Protein chains: 2
Amino acid sequence: MRHFVVIGQKATASPGFLLDDLPGTSGRLDLLLRCVRAALLVSHGVRRDTRVYLVLLGGPDAPRTVRIDGAIAEYLRPDERSMATRVQKALATPKGSAAFVALRNGFAIADGGVEVVLADLGASARYVLEESGRDVRAGSFADDCAFFVGDHLGLDEATRRAIGGATAISVGPVSVHADDAIAIVNNELDRNGSAAPV
Amino acid sequence: MRHFVVIGQKATASPGFLLDDLPGTSGRLDLLLRCVRAALLVSHGVRRDTRVYLVLLGGPDAPRTVRIDGAIAEYLRPDERSMATRVQKALATPKGSAAFVALRNGFAIADGGVEVVLADLGASARYVLEESGRDVRAGSFADDCAFFVGDHLGLDEATRRAIGGATAISVGPVSVHADDAIAIVNNELDRNGSAAPV
């Protein structure tokens, strides 16, 4: 099982953003939506062995976390606006549960941030994408793995402390967008033979 | 110099699409816009050594080709809607030139499809992304290189014939979206030492 945990330091945990201006009204949720596509979608299919967590640390309702489970996800479309609509619907769920509440079509939501994710991940081996980390091509990965990914602001100190002990991984010599980094990690895992049918 | 040539078999060559419904009204131009981001944008910067061509083969005004030159591109934002607005403005330019007409901020447009691109590329070594190709990690690339990428429909026969002689390259064992394939190619080129400052 693969997991990607994307930390949005300013990404809104409230549904009141504008689909017509995602970058300007959602705390750069657009960046996280692109990560969902890169993590879960392949040509004409969904990675059924992959889960994505969007940790939303922005706005008055934060922290909240949206989980999207490739094993049961349906009607996932790659474009940002469709993905934004799905996340907006999830965020319209009233707060009140520190455990994940299953919504329709593979989405779930919980109050809380990275600590909720860590509890949900259980024993998955933890990796964090960092420019100073070991090369993604050097060494292997656990079959049950979780990759923590920062947004355009990187990773905050509280998150770093919470995931302490994670192995730092670098995807290459150029600092790329989070969604490209996820594409590169998925490619490496695919090459290591852990690709599941889509 | 790196070049990515994305062929949109149905992507509209006319500006009359809806920003609120890109997938439904633009012949899947959304897919091509994501390729522009993956090809040109990195963390807090633009790949100055990279050009993207969007070959638009859909609609009554087709074929037309939009070129985006990283060396001089300005105000490029990563989200699909912003990118769509930029391409829409380029497409509002009246037809009438089989050579590229420079627009503002790194954009250019020409009547015509892949033949116009090939004339513009000159002597760049040609590669085509194909699942049956040689592994992107096996062997090196010319410094001046051009990668042809299909959309969700793959590459049409006319395009295949026009780019005959291109080396087929595979990015990995799983068939991924075009933007992810571009991210993987860029990563490989970055590792081979041809990364330019952004």
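The present account deals with the structure reproduced in this document.

Further remarks concern the overall build of chain A. For chain A, the count of helices and strands is 6 helices and 10 strands. For chain A, the C-alpha radius of gyration of 15 Å lies close to 16 Å, the compact-globule estimate for 198 residues. Taken along the three principal axes of its C-alpha coordinates, chain A extends 45 × 40 × 30 Å. Buried residues in chain A amount to 58% of all 198 residues. In chain A, of all internal contacts separated by at least 6 residues, the share reaching a separation of at least 24 is 68%. For chain A, the computed accessible surface area is about 7,400 Å², with 51% contributed by carbon and sulfur atoms. For chain A, the distance from the average site of its 22 positive side-chain charges to the average site of its 24 negative ones is 3 Å.

All right, on to the sheet that holds strand 10 (residues 167-170) of chain A then. Backbone hydrogen bonds are what pair the strands of a sheet, in a parallel or an antiparallel way. Residue and element names in this part refer to chain A. The strand order 6-7-5-4-1-9-8-10 describes an open sheet built from 8 strands, whose pairing is mixed. Here the strands that pair on one side only, and so sit at the sheet edges, are strand 6 (101-102) and strand 10. As judged from the 6 bridges shared by strand 4 (residues 50-58) and strand 5 (residues 64-69), these two strands associate in the antiparallel manner. What sits directly across from V52, in strand 5, is I68. Contacts from helix 2 (residues 29-40) reach strand 1 (2-12), strand 4 and strand 5, with the element oriented near 170 degrees to strand 4. Along the sheet face, helix 3 (residues 80-91) touches strand 1, strand 4, strand 5 and strand 7 (107-111) and points at about 45 degrees away from the line of strand 7.

The partner chain A presents 37 residues to the 37 residues of chain B that form the contact. Three residues stand out in chain B for area buried against chain A, namely B:R137, B:H177 and B:R191, and they jointly supply 20% of the buried area on that side. At the junction of chain B and chain A, the tally comes to 10 salt bridges. Here A:R191 ties to B:D135 by a salt bridge, and the two come within 2.7 Å at their closest N and O atoms. Summed over the shared surface of chain B and chain A, the result is 25 residue pairs in polar contact (both at pLDDT 80 or more). With 8 residues, the single largest contributor to the side of chain B that touches chain A is helix 6 (residues 178-194) of chain B. A per-class count over the side of chain B that touches chain A returns 13 nonpolar, 7 polar and 17 charged.

The next subject is the relation of the copies chain B and chain A. The two chain copies are related to each other by a rotation about an axis together with a translation along it. Placing chain B over chain A gives an RMSD of 0.0 Å and needs a rotation angle of 180 degrees, together with 0.0 Å of translation along the axis. Expressed as an axis order, the relation between the two copies is that of a two-fold axis. Across chain B, the smallest distance between a C-alpha and the rotation axis is recorded for B:I184, namely 2.9 Å. A shared binding surface is used by both copies, with 100% of the interface residues of chain B retained as interface residues in chain A.

Turning our attention to the pairing of strand 1 (residues 2-12) of chain B. Residues and elements named next belong to chain B. The element strand 1 is extensively covered by neighbouring structure, given that 9 of its 11 residues are classed as buried. In this sheet, strand 9 (residues 145-150) lies alongside strand 1 in parallel orientation, the contact comprising 6 bridges. From the neighbouring strand, I7 faces strand 9, where its bridge partner is G150.

All names here are of chain A. Inspection of the secondary structure assignment puts D111 in strand 7. Although D111 is buried, it forms no salt bridge, and the closest oppositely charged side chain is R64 at an N-O distance of 4.0 Å. Among the polar contacts made by the side chain of D111, one reaches the main-chain amide nitrogen of G96 at a distance of 2.8 Å. Here D111 is in contact with P63, R64, K95, G96, S97, A98 and V116, once residues within four sequence places are set aside.

Attention now goes to unusual backbone geometry. Among all residues except glycine, the phi angle is most often negative; among peptide bonds, the trans geometry is most common. Between A:A62 and A:P63 the backbone carries a cis peptide bond, its omega angle lying at -5 degrees. Among the structural elements, A:P63 can be located in the loop between strand 4 and strand 5. Of note, the phi angle at B:R28 is positive, near 65 degrees, even though the residue is not glycine. Considering the arrangement of structural elements, one finds B:R28 in the loop between helix 1 (22-25) and helix 2 (29-40).

Taken as a whole and judged by the stated rule, the model has 38 salt bridges over all chains. In this structure, A:D179 engages B:R37 in a salt bridge whose closest nitrogen and oxygen atoms are separated by 2.9 Å. Here A:D179, found in helix 6 (residues 178-194), pairs with B:R37, found in helix 2, and the two come from separate chains. Residues A:D179 and B:R37 agree in their burial class; the two are buried. Among the ionic pairs, B:R137 bridges to A:E188, the shortest N-O distance being 2.5 Å.

The next subject is the pairing of strand 4 of chain A. Residues and elements named next belong to chain A. For strand 4, the buried fraction is high: 8 of the 9 residues fall into the buried class. As paired strands, strand 1 and strand 4 are joined by 8 bridges and run parallel to one another. Across the sheet, the residue bridging to G8 is L56, located in strand 4. As consecutive antiparallel partners, strand 4 and strand 5 are separated by 5 residues, and within that stretch G59 has a phi angle of approximately 85 degrees, a positive value.

Along helix 4 (residues 114-121) of chain A, the positions that sit buried rather than exposed are A:V114, A:V116, A:V117, A:L118 and A:L121. Where helix 4 of chain A ends, the next residue or the one after it, A:G122, has phi of about 65 degrees, a positive value.

Right, let's talk about the packing of helix 2 of chain A against helix 3 of chain A for a bit. All names here are of chain A. Here helix 2 crosses helix 3 at 100 degrees, and the two axes come no closer than 9 Å. By the angle between their directions, the pair helix 2 and helix 3 is classed as roughly perpendicular. Along its contact with helix 2, which presents L29, D30, L33, R34, V36 and R37, the element helix 3 presents E80, M83, A84 and V87. In terms of residue class, the contact of helix 2 with helix 3 is built from 6 nonpolar, no polar and 4 charged.

Cut-offs used in this document
Residues numbered from 1 in each chain as written. Chains lettered and ligands numbered in written order. Predicted model: local features only at pLDDT ≥ 70, side-chain atom pairs only at ≥ 80, totals over all residues. Heavy atoms only, no water. Helix = DSSP H or I, 4+ residues; strand = E, 2+ residues; numbered from the N terminus. Rg over C-alpha atoms; globule rule 2.2 N^0.38 Å. Buried < 20%, exposed > 50% of the residue type's maximum accessible area, 1.4 Å probe, protein only. Contact = heavy atoms within 4.5 Å. Areas by Shrake-Rupley, 256 points an atom, 1.4 Å probe, with all protein chains shown as cover. Lys, Arg positive; Asp, Glu negative; His and termini not counted. Charge placed at Lys NZ, Arg CZ, Asp CG, Glu CD. Pairing = 2+ DSSP bridges. Axes fitted to C-alpha atoms, helices over the stretch in contact; angles between N-to-C directions. Buried area = accessible area lost by both parts, 1.4 Å probe. Salt bridge = Lys/Arg side-chain N within 4 Å of Asp/Glu carboxyl O. Polar contact = N/O pair within 3.5 Å; in protein donor to acceptor, adjacent residues only side chain to side chain. Nonpolar A, V, L, I, M, F, W, Y, C, P; charged D, E, K, R; others polar. Least-squares fit on C-alpha atoms with pLDDT ≥ 70 in both. Parallel < 35°, antiparallel > 145°, perpendicular 65-115°, else oblique.

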